[in-house]
Amino acid sequence: MDALALPIIMTLFVWWISTGAVLFLTGLPRATYGWSMAIATLVGLGGLAALFASARMTTPAGAYIAFFGAMAVWAWNEIGFLLGHVTGSRRTPSPPGIRGWARFVAATQTLIHHELLILASALAILAVTWDEPNQVGTRLFLVLWLMRLSTKFNIFLGVPNVTVEFLPPHLAYLATYFKKRPMNGLFPFSVTISTLVTAWLCHSMLAAPAGSFQATGHALIAALMALAVLEHWFLVIPLPFGELWSWGLASRPPVPEAPKPTEATERVAACPVLLAISQPGTAPAVAPEAWPKSLVCGGTSR
């Protein structure tokens, strides 16, 4: 079991640290976006090279190299999206009152370029690992893509917990395409199927010889799949899971608090007469000296 603990712990750590790092980079001033994208591109190319170099390695080390390679390519795609470089043909809020197929088309247009980039990345990974024995990185990337698509569809159809705080300000318009509702018809199927796949991967992991390439590869994919299932549950369970990456969100400017109402504004809001005459361009029909004392707010006359 010790041989299986390492890939599981490593997957958990990489998932946590990479998510926070991406959030931190996208929260920095826009002047840094060019450098961030350039560095991410080098990392992504390095990940592709790692996948090519490890394609014929059927050792635990080969499984780890493929794992990091796939994660690097995925991180490049995510940074490109969150920095706003690769999103979609539509970069405006959802039109008011749009529903049904028209809403789906509009939402797809906000992400289509990003999805096409992920498809191109998947084809590149398939090309460098084609017909080779080490398919750990390829399978990891496909798991990330399919589970992210499932998450996007569930958010589009409606879930209770929509983490809009993860969106950088320049992508805030995407939140208008989200839907908040107690449940949708897709969620039970997506979480059940993904849980069964996770269970099958765990079975394959335990059935493989301890410390082998097969056991390590299945452990890495199973751990990532389990985390993806957990992220699905985050959509419906009211827990402050965003606190896991509070350090990643620390680079974003604080949201200014709304000014607290003063006693005078509270009295104006509570009194219909004062509220009416406080509006610009309005004047009372009757002079204040002629107002009956019963109109004085507070319920008593003085």
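Treat the numbers as computed from the prediction; the structure is a model and nothing was measured. (Residues numbered from 1 in each chain as written. Predicted model: local features only at pLDDT ≥ 70, side-chain atom pairs only at ≥ 80, totals over all residues. Heavy atoms only, no water.)

**Student:** Teacher, can you tell me more about the overall build of the protein chain here?
**Tutor:** On a plain count of helices and strands, the protein chain comes out with 9 helices and 0 strands. Its helices and strands taken in sequence order, the protein chain reads α-α-α-α-α-α-α-α-α from the N to the C terminus. Looking at the protein chain residue by residue over its 302 residues, the buried ones come to 39%. For the protein chain, contacts bridging at least 24 residues in sequence account for 76% of all contacts bridging at least 6. Of the roughly 16900 Å² that the protein chain leaves accessible, carbon and sulfur atoms contribute 72%. (Helix = DSSP H or I, 4+ residues; strand = E, 2+ residues; numbered from the N terminus. Buried < 20%, exposed > 50% of the residue type's maximum accessible area, 1.4 Å probe, protein only. Contact = heavy atoms within 4.5 Å. Areas by Shrake-Rupley, 256 points an atom, 1.4 Å probe, with all protein chains shown as cover.)

**Student:** What exactly am I supposed to notice about the nonpolar core here?
**Tutor:** Burial of nonpolar side chains together is a common tendency in soluble globular proteins. Ranked by size, the top nonpolar core spans 29 residues in total, and within it L51, F67, W74, V136, L140, F141 and L220 carry the most contacts. Every element with two or more residues in this core is listed here: α3 (60-82), α4 (100-129), α5 (136-157) and α7 (213-234). (Core = buried A, V, L, I, M, F, W, Y, C linked by side-chain atoms within 4.5 Å.)

**Student:** What should I look at first to understand unusual backbone geometry in this one?
**Tutor:** Working note: non-glycine residues mostly have negative phi, and peptide bonds are mostly trans. Look at D131: it is not a glycine, yet its phi comes out positive at around 60 degrees. According to the relative accessible area criterion, D131 is exposed, its value standing at 71%.

**Student:** Help me understand α7, please; the structure alone is not making it clear to me.
**Tutor:** At 3.6 residues per turn, the α-helix brings residues three or four places apart onto the same side. The end-to-end C-alpha separation of α7 is 32 Å, in line with the 32 Å expected for 22 residues at 1.5 Å each. The buried fraction of α7 amounts to 17 of the 22 residues, a majority that puts the element mostly inside the structure. (Expected span 1.5 Å × (residues − 1).)

**Student:** Sorry, what's going on with the packing of aromatic side chains here?
**Tutor:** Each aromatic ring pair is described using two quantities: the centre-to-centre distance and the angle formed by the ring planes. On inspection of all chains with the given rule, the structure shows 10 aromatic pairs. On the numbers, 5.2 Å between centres and 70 degrees between planes, the contact of F67 with F68 is edge-to-face. Residue class for F68 comes out partly exposed when judged on its relative accessible area of 39%. Cluster of aromatic residues (ring-pair linked, three or more members): W101, F104, F153 and F156. (Phe/Tyr/Trp six-rings, centres within 6.5 Å; stacked < 30°, edge-to-face > 60°.)

**Student:** I keep staring at a nonpolar patch on the surface and nothing clicks. Help me out?
**Tutor:** The grouping of L116, L119 and L123 at the surface amounts to a nonpolar patch, some 270 Å² of accessible area in total. Here L116 lies in helix α4. Since its relative accessible area comes to 47%, L116 is described here as partly exposed. (Patch = residues over 30% accessible without salt bridge, like charges linked within 9 Å, V, L, I, M, F, W, Y side chains within 5 Å. Salt bridge = Lys/Arg side-chain N within 4 Å of Asp/Glu carboxyl O.)

**Student:** Honestly, the pattern of salt bridges in this entry has me stumped. Any pointers?
**Tutor:** Pairs can form between side chains of opposite charge whenever their charged atoms are close. Using the criterion set out here, one finds 3 salt bridges in the structure. E78 is the salt-bridge partner of R148, the closest N and O atoms lying 2.7 Å from each other. You can see R148 sitting in helix α5 and its partner E78 sitting in helix α3, a full 70 residues away along the chain. According to the relative accessible area criterion, E78 is buried, its value standing at 11%. Here K152 ties to E115 by a salt bridge, and the two come within 2.3 Å at their closest N and O atoms. One end of the pair, K152, is in helix α5; the other, E115, is in helix α4, and 37 residues separate them in sequence. Judged by its relative accessible area of 22%, K152 falls in the partly exposed class.

**Student:** Could you clarify how one ought to interpret the environment of G211 in this entry?
**Tutor:** With respect to the helices and strands, the residue G211 is situated in the loop between α6 (186-207) and α7. Here the alpha-carbon distance between G211 and L4, two residues 207 residues apart in the chain, equals 7.4 Å.

**Student:** Please clarify how the packing of α5 against α7 should be interpreted in this entry.
**Tutor:** Any two packed helices are characterised by the angle at which their axes cross and by the distance between the axes. Relative to each other, α5 and α7 sit at 10 degrees, their axes nearing to 10 Å. Accordingly, the angle class assigned to the pair α5 and α7 is roughly parallel. For the pair α5 and α7, contact is made by V136, R139, L140, V143, L144, M147, S150, T151 and N154 and by F213, G217, L220, I221, L224, M225, A228, V229 and H232, respectively. (Axes fitted to C-alpha atoms, helices over the stretch in contact; angles between N-to-C directions. Parallel < 35°, antiparallel > 145°, perpendicular 65-115°, else oblique.)

**Student:** Can you help me understand the packing of α6 against α7 in this one?
**Tutor:** Interhelical geometry of α6 versus α7 gives an angle of 160 degrees and a closest axis separation of 9 Å. One way to sum up the angle between α6 and α7 is to call them roughly antiparallel. Considering the relative orientation of α6 and α7, their crossing is left-handed. For the pair α6 and α7, the contacting residues are F187, S190, V191, S194, T195, V197, T198, L201, C202, S204 and M205 in the first and A215, H218, A219, I221, A222, M225, A226, V229, H232 and W233 in the second. (Left-handed = near helix turned anticlockwise from the far one by under 90°.)

**Student:** Even after reading the chapter, I still don't get the confidence of the model for the protein chain, so can you show me in this structure?
**Tutor:** Parts of the prediction with low pLDDT should not have their coordinates interpreted in detail. On average, the protein chain scores 85 in pLDDT, and the residues at 70 or more come to 83%. Per-element confidence in the protein chain ranges from a low mean pLDDT of 47 for helix α9 (residues 272-277) to a high of 96 for α4. The low-confidence segment residues 272-280, where pLDDT is below 50, has 11 contacts with residues more than four positions distant or belonging to other chains. Note that pLDDT drops below 50 for residues 298-302; the model gives that stretch 2 contacts with residues more than four away or on any other chain. (pLDDT = per-residue confidence, 0-100.)

**Student:** Explanation requested: the side chain of N161 in the structure shown.
**Tutor:** Note that N161 resides in the loop between α5 and α6. Polar contacts involving the side chain of N161 include one to the main-chain carbonyl oxygen of F234, which spans 3.0 Å. Non-local contacts of N161, meaning those with residues more than four positions away in its chain, are made with F234, L235, V236, I237 and P238. (Polar contact = N/O pair within 3.5 Å; in protein donor to acceptor, adjacent residues only side chain to side chain.)

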